[in-house]
Amino acid sequence: MSAPPGGPAAADLQPQLDPTHLAVVRYPADWQPPGAVQPDTTGGAFFAMIRGEHEVTVVVPEAVLEDAAWRDRAEQVDRAWRRVTFPGPLPWELVGFLADVAGRLAGAQIPFTSMSGFTTDHVLVRAAQADLAVAVLSGQEPPPQRPGTNP
């Protein structure tokens with residue numbers, strides 16, 4: 001499934017772009033999601049939560065933050081992300097898949113963050129660069145960069 005990064009021979013990684021605009025939100029370490037996190041509280045869309053020693057990070061649809069229960073204790077909110085998913089199941093033994101993804105996105109000057117589910121991998125990219133990210137991950141050559149610009 002993986003191919004050398006970039007170039008016309010790059011394999012199509014079959015990226016799927018979620019239309020939902022997401023926010024990455026940082027909460028204090030003791031924060032708990034309001035009530036039970038159910039599909040109706042996140043609009044049935046993608047939701048991820050990572051609890052660390054010093055913070056809780058949540059990825060939710062931007063619309064969720066209209067609810068004060070989600071907004072009130074937020075320490076930092078970073079909006080305008082889109083999720084690209086790679087169809088699974090991706091085998092646990094697959095080596096270098098995210099390295100391939102990272103190489104292609106780096107070659108197009110697209111910053112990203114990644115997260116993995118049990119059978120699928122996801123990357124978050126800025127909404128303004130989502131279409132370019134999908135094109136590059138589909139095997140297309142990134143456009144040439146003009147000095148001093150970022151797509």
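Provided above is the structure to which this section pertains.
A brief structural summary.

Reading the values: the criteria
- The numbering scheme is per chain: residues are counted from 1 as the chain's sequence reads.
- In keeping with the model being predicted, local features are shown solely for residues with a pLDDT of at least 70 and side-chain atom pairs are shown and tallied solely at 80 or more, while totals for entire chains, interfaces and linings include all residues.
- In computing side-chain values, all of the structure's heavy atoms are included and hydrogens and water are not.
- A pairing counts as a salt bridge when a side-chain nitrogen of Lys or Arg comes within 4 Å of a carboxyl oxygen of Asp or Glu.
- By the criteria applied, helices consist of DSSP H or I runs no shorter than four residues and strands consist of E runs no shorter than two, each listed in order from the N terminus.
- Burial classification: accessible surface area is computed with a 1.4 Å probe over protein chains only, and a residue below 20% of its type maximum counts as buried, one above 50% as exposed, and the rest as partly exposed.
- Only the six-membered ring of Trp is used, alongside the rings of Phe and Tyr, when aromatic pairs are assigned; centres must lie within 6.5 Å, and planes under 30 degrees apart are stacked while those over 60 apart are edge-to-face, with the rest tilted.
- In plain words, nonpolar cores are sets of buried Ala, Val, Leu, Ile, Met, Phe, Trp, Tyr and Cys residues tied together by side-chain atoms within 4.5 Å.
- Throughout, a contact is declared for two residues whenever any of their heavy atoms are within 4.5 Å.

Description of the pattern of salt bridges
- Applying the stated rule across the entire model yields six salt bridges.
- Between R26 and E55 there is a salt bridge, with its nearest N and O atoms 3.2 Å apart. Of this pair, R26 sits in strand β2 (residues 22-28) while E55 sits in strand β4 (residues 55-61), placing them 29 residues apart in sequence.
- Among the residues examined, R26 registers a relative accessible area of 30% and is labelled partly exposed.
- Among the residues examined, E55 registers a relative accessible area of 32% and is labelled partly exposed.
- Sharing partners across several salt bridges, the network here consists of R26, E55 and E75.

Some details on the packing of aromatic side chains
- Applying the stated criterion across every chain yields a total of five aromatic pairs.
- Arranged with centres 6.1 Å apart and planes meeting at 80 degrees, the rings of F47 and W70 form a pair that is edge-to-face. Taken together, the residues span a long stretch of sequence, with F47 in the loop between β2 and β3 (48-51) and W70 in helix α1 (residues 68-71) at a distance of 23 residues.
- Aromatic side chains F86 and F97 sit 5.1 Å apart centroid to centroid with 85 degrees between the ring planes, which places their arrangement in the edge-to-face category. Separated by eleven residues along the polypeptide, F86 in strand β5 (residues 76-86) and F97 in helix α2 (residues 97-107) bring together distant segments of the chain.
- F86 sits in the buried class, given a relative accessible area of 0%.
- Site record: aromatic cluster; members linked through ring pairs are Y27, W31, F47 and W70.

Brief notes about the nonpolar core
- Counting residues in each nonpolar core, the largest one holds 17 residues, and the members touching the most others are V84, F86, V101, L105, I110, V125 and L137.
- Only β5, α2, β7 (121-126) and α3 (130-137) provide two or more residues apiece to this core.
- It is α3 that contributes the most residues to this core, six residues altogether.
- Excluding anything up to four places from it in sequence, V125 contacts A80, W81, R82, V84, L105, I110, P111, F112, A130 and A133.
- Core analysis: the next-biggest nonpolar cluster, separate from the first, contains ten residues, W31, V58, V60 and L65 among them.

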